[in-house]
Amino acid sequence: MNRVHPESGHRFAWFGCVAVLVMLFGGCAQVPQIDPKLPSTPLVSPRKPPKIGLALGGGAARGFAHIGVIQVLDEAGIRADLVAGTSAGSLVATLYASGQNGQAMQRVAESMDEAAFSDWRWPLFKPGVLRGEALARFVAAQVKGQQIQQLPMPLGIVATDLRTGLGVLFQRGDIATAVRASSAVPAVFQPVSIEGRDYVDGGLVAPVPVNQAQMMGAELVIAVDISNDPESQDTQDTLQVLLQTFTIMGKSINTYALRGADLVVRPVQKGLASASFSSRLAAIEAGRQAMKVQLPLLRQLILSKSK
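Residues numbered from 1 in each chain as written. Predicted model: local features only at pLDDT ≥ 70, side-chain atom pairs only at ≥ 80, totals over all residues. Heavy atoms only, no water.

### Observations regarding the pairing of strand β5 (residues 167–170)
Item 1. Bridge analysis of strand β4 (residues 155–161) against β5 gives four bridges, and the strand direction is antiparallel. By the bridge assignment, V158 is partnered in β5 with L169.
Item 2. The turn linking β4 back onto β5 is made up of five residues, and G165 within it adopts a positive phi angle of 80°. (Pairing = 2+ DSSP bridges. Helix = DSSP H or I, 4+ residues; strand = E, 2+ residues; numbered from the N terminus.)

### Describing the packing of aromatic side chains
Item 1. According to the stated counting rule, one finds one aromatic pair in the structure shown.
Item 2. Aromatic side chains F170 and Y199 sit 5.3 Å apart centroid to centroid with 75° between the ring planes, which places their arrangement in the edge-to-face category. Taken together, the residues F170 in strand β5 and Y199 in strand β8 (residues 197–201) connect sequence positions 29 residues apart. Taken as a pair, F170 and Y199 share a single burial class, namely buried.
Item 3. A cation over an aromatic ring shows up here: R79 above the ring of Y96, its NZ or CZ 4.3 Å from the ring centre. (Phe/Tyr/Trp six-rings, centres within 6.5 Å; stacked < 30°, edge-to-face > 60°. Buried < 20%, exposed > 50% of the residue type's maximum accessible area, 1.4 Å probe, protein only. Lys NZ or Arg CZ within 6 Å of the ring centre and 35° of its normal.)

### Topic: the packing of helix α3 (residues 88–97) against helix α6 (residues 175–182)
Item 1. Following both chains from N to C, one finds α3 and α6 inclined at 155°, their axes separated by 8 Å at the closest point. Here α6 runs roughly antiparallel to α3, going by the angle between their axes. Crossing of α3 over α6 shows right-handed handedness. On α6, the residues that touch S90, L91 and T94 of α3 are I175, V179 and S182.
Item 2. Partitioning the contact of α3 with α6 into residue classes produces three nonpolar, three polar and no charged. (Axes fitted to C-alpha atoms, helices over the stretch in contact; angles between N-to-C directions. Parallel < 35°, antiparallel > 145°, perpendicular 65-115°, else oblique. Left-handed = near helix turned anticlockwise from the far one by under 90°. Contact = heavy atoms within 4.5 Å. Nonpolar A, V, L, I, M, F, W, Y, C, P; charged D, E, K, R; others polar.)

### Thoughts on the pattern of salt bridges
Item 1. For the structure on display, the rule yields five salt bridges.
Item 2. One salt bridge in this structure joins R288 and E75, with 2.9 Å as the shortest N-O distance. With R288 in helix α9 (residues 280–305) and E75 in helix α2 (residues 65–75), the pair connects residues that are 213 residues apart, well separated along the chain.
Item 3. Linking D161 and R197 is a salt bridge whose minimum nitrogen-to-oxygen distance equals 2.7 Å. One end of the pair, D161, is in strand β4; the other, R197, is in strand β8, and 36 residues separate them in sequence.
Item 4. Looking at D161, the relative accessible area reads 4%, which means it is buried.
Item 5. On the basis of relative accessibility, which here comes to 27%, the residue R197 falls in the partly exposed class. (Salt bridge = Lys/Arg side-chain N within 4 Å of Asp/Glu carboxyl O.)

### Focus: the confidence of the model for the chain
Item 1. Residue-level pLDDT values for the chain average 81, and 72% of them are 70 or greater.
Item 2. When the criterion is pLDDT under 50, residues 1–32 qualifies, and its contacts beyond four places in sequence or with other chains add up to three contacts.
Item 3. Ignoring residues within four places in sequence, the model shows residues 119–128, a span with pLDDT below 50, making 25 contacts including any to other chains. (pLDDT = per-residue confidence, 0-100.)

### Some remarks on α2
Item 1. The buried fraction of α2 amounts to nine of the 11 residues, a majority that puts the element mostly inside the structure.
Item 2. Within α2, burial applies to A65, H66, I67, G68, V69, I70, Q71, V72 and L73.
Item 3. Those residues of α2 hidden inside the fold are in contact with β1 (52–56), α3, α4 (102–111), β9 (220–224), β10 (263–265) and α9.
Item 4. Positive phi shows up at G77, right after α2, with a value of about 75°.

### What to know about the nonpolar core
Item 1. Counting 63 residues, the largest nonpolar core has L54, V83, M291 and L298 as the members making the most contacts within it.
Item 2. By residue number, the principal contributor to this core is α9, which donates eight residues.
Item 3. With near-sequence residues (within four places) excluded, V83 lies in contact with L54, L56, A93, Y96, A97, M153, P154, L155, G156 and M216.
Item 4. With 16 residues, the next largest nonpolar core counts A55, L169, A223 and L258 among its residues. (Core = buried A, V, L, I, M, F, W, Y, C linked by side-chain atoms within 4.5 Å.)

Shown next, in the form of C-alpha coordinates:
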(Lines give C-alpha, C1' and ligand atoms only; values in the text may rest on other atoms or scores of the structure.)
Protein backbone atom coordinates (compact mmCIF):
# COMPACT_ATOMS: atom_id res chain seq x y z
CA MET A 1 0.00 0.00 0.00
CA ASN A 2 1.33 3.29 -0.98
CA ARG A 3 1.69 5.86 1.79
CA VAL A 4 2.20 9.51 1.49
CA HIS A 5 5.40 10.62 3.17
CA PRO A 6 4.90 13.45 5.68
CA GLU A 7 7.41 15.64 3.81
CA SER A 8 5.42 15.19 0.61
CA GLY A 9 2.26 16.43 2.37
CA HIS A 10 4.07 19.49 3.67
CA ARG A 11 5.43 20.15 0.20
CA PHE A 12 1.95 20.07 -1.33
CA ALA A 13 0.61 22.40 1.37
CA TRP A 14 3.45 24.88 0.76
CA PHE A 15 2.81 24.95 -3.00
CA GLY A 16 -0.89 25.55 -2.34
CA CYS A 17 -0.18 28.56 -0.13
CA VAL A 18 2.15 30.04 -2.73
CA ALA A 19 -0.51 29.62 -5.44
CA VAL A 20 -3.11 31.39 -3.31
CA LEU A 21 -0.75 34.30 -2.56
CA VAL A 22 0.14 34.68 -6.24
CA MET A 23 -3.50 34.91 -7.19
CA LEU A 24 -4.24 37.43 -4.43
CA PHE A 25 -1.32 39.77 -5.03
CA GLY A 26 -1.40 39.32 -8.78
CA GLY A 27 -4.98 40.55 -8.81
CA CYS A 28 -4.07 43.54 -6.64
CA ALA A 29 -1.25 44.52 -8.99
CA GLN A 30 -3.59 44.95 -11.92
CA VAL A 31 -4.39 48.60 -12.83
CA PRO A 32 -8.13 49.20 -12.49
CA GLN A 33 -9.83 50.16 -15.72
CA ILE A 34 -11.76 53.50 -15.71
CA ASP A 35 -15.05 53.50 -17.47
CA PRO A 36 -14.79 56.33 -20.02
CA LYS A 37 -18.51 56.88 -19.70
CA LEU A 38 -18.21 57.95 -16.05
CA PRO A 39 -17.92 61.74 -15.50
CA SER A 40 -14.53 62.93 -14.31
CA THR A 41 -14.18 65.12 -11.21
CA PRO A 42 -14.33 68.80 -12.35
CA LEU A 43 -11.29 70.98 -11.69
CA VAL A 44 -11.77 73.93 -9.34
CA SER A 45 -11.65 77.07 -11.53
CA PRO A 46 -9.95 80.21 -10.21
CA ARG A 47 -12.22 83.02 -9.03
CA LYS A 48 -12.97 85.66 -11.61
CA PRO A 49 -11.93 89.18 -10.56
CA PRO A 50 -14.43 92.04 -10.91
CA LYS A 51 -14.43 94.31 -13.95
CA ILE A 52 -12.42 97.33 -12.80
CA GLY A 53 -13.36 100.80 -13.98
CA LEU A 54 -11.15 103.85 -13.57
CA ALA A 55 -12.95 107.20 -13.19
CA LEU A 56 -10.57 110.13 -13.74
CA GLY A 57 -11.80 113.54 -12.63
CA GLY A 58 -11.17 117.05 -13.88
CA GLY A 59 -8.85 119.62 -12.39
CA ALA A 60 -6.84 121.27 -15.16
CA ALA A 61 -3.07 120.93 -14.62
CA ARG A 62 -3.65 118.87 -11.46
CA GLY A 63 -4.71 116.14 -13.87
CA PHE A 64 -1.07 115.06 -14.13
CA ALA A 65 -1.71 113.29 -10.80
CA HIS A 66 -3.74 110.68 -12.70
CA ILE A 67 -0.49 109.53 -14.30
CA GLY A 68 1.04 108.80 -10.89
CA VAL A 69 -2.01 106.78 -9.86
CA ILE A 70 -1.77 104.69 -13.02
CA GLN A 71 1.96 104.13 -12.50
CA VAL A 72 1.36 102.55 -9.09
CA LEU A 73 -1.42 100.36 -10.50
CA ASP A 74 0.96 99.23 -13.27
CA GLU A 75 3.65 98.35 -10.74
CA ALA A 76 1.11 96.35 -8.72
CA GLY A 77 0.03 94.41 -11.82
CA ILE A 78 -3.47 95.91 -11.76
CA ARG A 79 -4.92 97.17 -15.04
CA ALA A 80 -8.41 98.55 -15.38
CA ASP A 81 -10.87 96.96 -17.81
CA LEU A 82 -12.36 100.31 -18.79
CA VAL A 83 -11.79 104.01 -18.15
CA ALA A 84 -13.94 107.14 -18.08
CA GLY A 85 -12.63 110.69 -17.93
CA THR A 86 -13.82 114.25 -17.45
CA SER A 87 -11.94 117.35 -18.66
CA ALA A 88 -8.25 116.86 -17.82
CA GLY A 89 -9.13 113.30 -16.85
CA SER A 90 -10.43 112.64 -20.36
CA LEU A 91 -6.97 113.32 -21.80
CA VAL A 92 -5.21 110.90 -19.44
CA ALA A 93 -8.04 108.38 -19.91
CA THR A 94 -7.50 108.53 -23.66
CA LEU A 95 -3.77 107.88 -23.37
CA TYR A 96 -4.45 104.96 -21.00
CA ALA A 97 -7.13 103.43 -23.23
CA SER A 98 -4.81 103.71 -26.23
CA GLY A 99 -2.40 101.30 -24.53
CA GLN A 100 0.12 103.64 -22.93
CA ASN A 101 1.37 102.75 -19.46
CA GLY A 102 2.17 105.18 -16.67
CA GLN A 103 5.82 105.60 -17.57
CA ALA A 104 5.02 106.34 -21.20
CA MET A 105 2.45 108.91 -20.13
CA GLN A 106 4.99 110.63 -17.91
CA ARG A 107 7.32 110.99 -20.88
CA VAL A 108 4.46 112.55 -22.83
CA ALA A 109 3.71 114.90 -19.93
CA GLU A 110 7.32 116.00 -19.65
CA SER A 111 7.41 116.84 -23.35
CA MET A 112 4.18 118.85 -23.35
CA ASP A 113 4.57 122.55 -24.13
CA GLU A 114 1.96 124.73 -22.45
CA ALA A 115 2.27 127.31 -25.20
CA ALA A 116 1.27 124.71 -27.78
CA PHE A 117 -2.23 124.59 -26.27
CA SER A 118 -2.69 128.37 -26.27
CA ASP A 119 -4.39 128.84 -29.62
CA TRP A 120 -5.93 132.24 -28.97
CA ARG A 121 -8.94 133.38 -30.96
CA TRP A 122 -10.14 136.86 -31.93
CA PRO A 123 -12.19 138.69 -30.74
CA LEU A 124 -11.41 137.65 -27.20
CA PHE A 125 -14.10 136.38 -24.83
CA LYS A 126 -16.60 135.73 -27.62
CA PRO A 127 -17.46 133.05 -26.55
CA GLY A 128 -14.04 131.68 -25.45
CA VAL A 129 -10.48 132.94 -25.64
CA LEU A 130 -9.02 129.57 -26.69
CA ARG A 131 -10.23 127.54 -29.65
CA GLY A 132 -9.04 124.18 -28.35
CA GLU A 133 -7.87 123.06 -31.77
CA ALA A 134 -4.28 122.69 -30.56
CA LEU A 135 -5.45 120.28 -27.86
CA ALA A 136 -7.38 118.31 -30.48
CA ARG A 137 -4.31 118.05 -32.71
CA PHE A 138 -2.23 116.82 -29.79
CA VAL A 139 -4.76 114.11 -28.92
CA ALA A 140 -5.14 113.02 -32.56
CA ALA A 141 -1.37 112.58 -32.83
CA GLN A 142 -1.24 110.51 -29.65
CA VAL A 143 -3.94 108.05 -30.77
CA LYS A 144 -2.89 108.07 -34.43
CA GLY A 145 -6.31 109.21 -35.59
CA GLN A 146 -8.24 106.27 -34.14
CA GLN A 147 -11.90 106.45 -33.19
CA ILE A 148 -13.01 105.88 -29.59
CA GLN A 149 -14.45 102.46 -30.39
CA GLN A 150 -11.18 101.35 -32.02
CA LEU A 151 -9.03 101.67 -28.89
CA PRO A 152 -7.84 98.52 -27.08
CA MET A 153 -9.71 99.51 -23.89
CA PRO A 154 -13.30 100.78 -23.57
CA LEU A 155 -13.20 104.57 -23.16
CA GLY A 156 -15.89 107.00 -22.04
CA ILE A 157 -15.50 110.79 -22.33
CA VAL A 158 -17.91 113.08 -20.49
CA ALA A 159 -19.02 116.50 -21.80
CA THR A 160 -21.95 118.80 -21.04
CA ASP A 161 -24.65 119.64 -23.56
CA LEU A 162 -24.72 123.44 -23.46
CA ARG A 163 -28.39 123.59 -24.51
CA THR A 164 -29.87 121.07 -22.06
CA GLY A 165 -27.27 121.13 -19.30
CA LEU A 166 -27.17 117.33 -19.33
CA GLY A 167 -24.07 115.18 -19.32
CA VAL A 168 -23.21 113.15 -22.41
CA LEU A 169 -20.97 110.08 -22.42
CA PHE A 170 -19.09 109.70 -25.71
CA GLN A 171 -18.16 106.07 -26.40
CA ARG A 172 -17.92 106.30 -30.18
CA GLY A 173 -16.61 108.81 -32.66
CA ASP A 174 -13.63 111.11 -32.98
CA ILE A 175 -11.47 111.03 -29.84
CA ALA A 176 -9.81 114.39 -30.34
CA THR A 177 -13.14 116.19 -30.70
CA ALA A 178 -14.60 114.45 -27.64
CA VAL A 179 -11.60 115.33 -25.45
CA ARG A 180 -11.72 118.91 -26.71
CA ALA A 181 -15.43 119.11 -25.78
CA SER A 182 -14.88 117.54 -22.36
CA SER A 183 -12.13 120.08 -21.63
CA ALA A 184 -13.90 123.18 -22.95
CA VAL A 185 -14.04 125.31 -19.80
CA PRO A 186 -16.76 127.92 -20.44
CA ALA A 187 -15.40 131.39 -21.28
CA VAL A 188 -11.90 129.92 -21.57
CA PHE A 189 -12.33 127.47 -24.44
CA GLN A 190 -14.69 127.86 -27.34
CA PRO A 191 -17.68 125.45 -27.12
CA VAL A 192 -17.32 122.42 -29.38
CA SER A 193 -19.99 121.64 -31.95
CA ILE A 194 -20.74 117.94 -32.54
CA GLU A 195 -23.58 116.99 -34.90
CA GLY A 196 -25.25 120.37 -34.48
CA ARG A 197 -25.05 120.56 -30.68
CA ASP A 198 -22.62 122.59 -28.59
CA TYR A 199 -20.69 120.96 -25.76
CA VAL A 200 -18.57 122.32 -22.91
CA ASP A 201 -16.56 120.95 -19.98
CA GLY A 202 -17.88 117.69 -18.51
CA GLY A 203 -16.92 118.86 -15.02
CA LEU A 204 -20.14 120.89 -14.89
CA VAL A 205 -22.15 117.66 -14.48
CA ALA A 206 -19.61 114.96 -13.55
CA PRO A 207 -16.39 116.24 -11.94
CA VAL A 208 -15.45 112.58 -11.38
CA PRO A 209 -17.34 110.22 -13.75
CA VAL A 210 -18.22 107.46 -11.29
CA ASN A 211 -21.74 106.87 -12.58
CA GLN A 212 -20.48 106.85 -16.15
CA ALA A 213 -17.91 104.13 -15.34
CA GLN A 214 -20.71 102.05 -13.83
CA MET A 215 -22.85 102.62 -16.92
CA MET A 216 -19.97 101.20 -18.98
CA GLY A 217 -20.08 97.98 -16.94
CA ALA A 218 -17.59 98.53 -14.11
CA GLU A 219 -18.13 96.26 -11.09
CA LEU A 220 -15.44 97.98 -9.04
CA VAL A 221 -14.86 101.71 -9.55
CA ILE A 222 -11.61 103.44 -8.62
CA ALA A 223 -12.40 107.17 -8.54
CA VAL A 224 -9.53 109.65 -8.70
CA ASP A 225 -10.59 113.02 -7.32
CA ILE A 226 -8.03 115.73 -8.09
CA SER A 227 -10.19 118.64 -6.98
CA ASN A 228 -8.99 120.91 -4.21
CA ASP A 229 -10.86 122.92 -1.64
CA PRO A 230 -11.50 126.49 -2.79
CA GLU A 231 -8.26 128.44 -2.60
CA SER A 232 -8.16 131.07 0.13
CA GLN A 233 -5.79 133.48 -1.59
CA ASP A 234 -7.00 136.36 -3.74
CA THR A 235 -7.99 135.37 -7.26
CA GLN A 236 -7.27 138.43 -9.40
CA ASP A 237 -6.57 136.50 -12.59
CA THR A 238 -9.61 135.82 -14.78
CA LEU A 239 -8.64 132.20 -15.36
CA GLN A 240 -8.14 131.64 -11.63
CA VAL A 241 -11.58 133.11 -10.94
CA LEU A 242 -13.18 130.69 -13.41
CA LEU A 243 -11.31 127.69 -12.03
CA GLN A 244 -12.22 128.75 -8.49
CA THR A 245 -15.86 128.84 -9.56
CA PHE A 246 -15.53 125.33 -10.99
CA THR A 247 -13.98 124.13 -7.74
CA ILE A 248 -16.87 125.46 -5.68
CA MET A 249 -19.47 123.91 -8.00
CA GLY A 250 -17.67 120.61 -8.27
CA LYS A 251 -17.27 120.20 -4.53
CA SER A 252 -20.99 119.82 -3.91
CA ILE A 253 -21.53 117.58 -6.94
CA ASN A 254 -18.61 115.36 -5.95
CA THR A 255 -19.98 114.82 -2.46
CA TYR A 256 -22.91 113.00 -4.00
CA ALA A 257 -21.24 111.31 -6.99
CA LEU A 258 -18.28 109.83 -5.10
CA ARG A 259 -20.59 107.85 -2.83
CA GLY A 260 -20.99 105.34 -5.63
CA ALA A 261 -17.26 104.63 -5.92
CA ASP A 262 -15.72 101.57 -4.31
CA LEU A 263 -12.42 103.35 -3.77
CA VAL A 264 -11.69 107.08 -3.82
CA VAL A 265 -8.11 108.24 -4.37
CA ARG A 266 -7.41 111.87 -3.45
CA PRO A 267 -3.90 113.07 -4.32
CA VAL A 268 -2.80 115.80 -1.93
CA GLN A 269 -1.88 118.78 -4.10
CA LYS A 270 -1.84 121.70 -1.69
CA GLY A 271 -0.14 124.65 -3.28
CA LEU A 272 -0.34 123.16 -6.79
CA ALA A 273 -2.27 125.64 -8.91
CA SER A 274 -4.79 124.16 -11.32
CA ALA A 275 -3.51 126.46 -14.08
CA SER A 276 0.20 125.69 -13.63
CA PHE A 277 1.91 123.19 -15.95
CA SER A 278 5.26 123.74 -14.21
CA SER A 279 4.21 121.56 -11.28
CA ARG A 280 3.47 118.49 -13.41
CA LEU A 281 6.14 116.28 -11.79
CA ALA A 282 4.95 117.22 -8.30
CA ALA A 283 1.40 116.35 -9.35
CA ILE A 284 2.51 112.95 -10.67
CA GLU A 285 4.29 112.22 -7.40
CA ALA A 286 1.20 113.25 -5.43
CA GLY A 287 -0.81 110.73 -7.44
CA ARG A 288 1.75 108.02 -6.73
CA GLN A 289 1.70 108.60 -2.99
CA ALA A 290 -2.09 108.66 -2.80
CA MET A 291 -2.46 105.38 -4.70
CA LYS A 292 0.23 103.64 -2.65
CA VAL A 293 -1.74 104.38 0.52
CA GLN A 294 -4.91 102.90 -0.97
CA LEU A 295 -3.30 99.86 -2.60
CA PRO A 296 -3.84 97.39 0.31
CA LEU A 297 -7.53 98.31 0.44
CA LEU A 298 -7.83 97.93 -3.33
CA ARG A 299 -6.39 94.41 -3.17
CA GLN A 300 -8.97 93.51 -0.50
CA LEU A 301 -11.79 94.93 -2.61
CA ILE A 302 -10.71 92.98 -5.67
CA LEU A 303 -10.59 89.78 -3.59
CA SER A 304 -13.97 90.39 -1.96
CA LYS A 305 -15.66 91.13 -5.30
CA SER A 306 -14.13 88.17 -7.13
CA LYS A 307 -16.63 85.48 -8.07
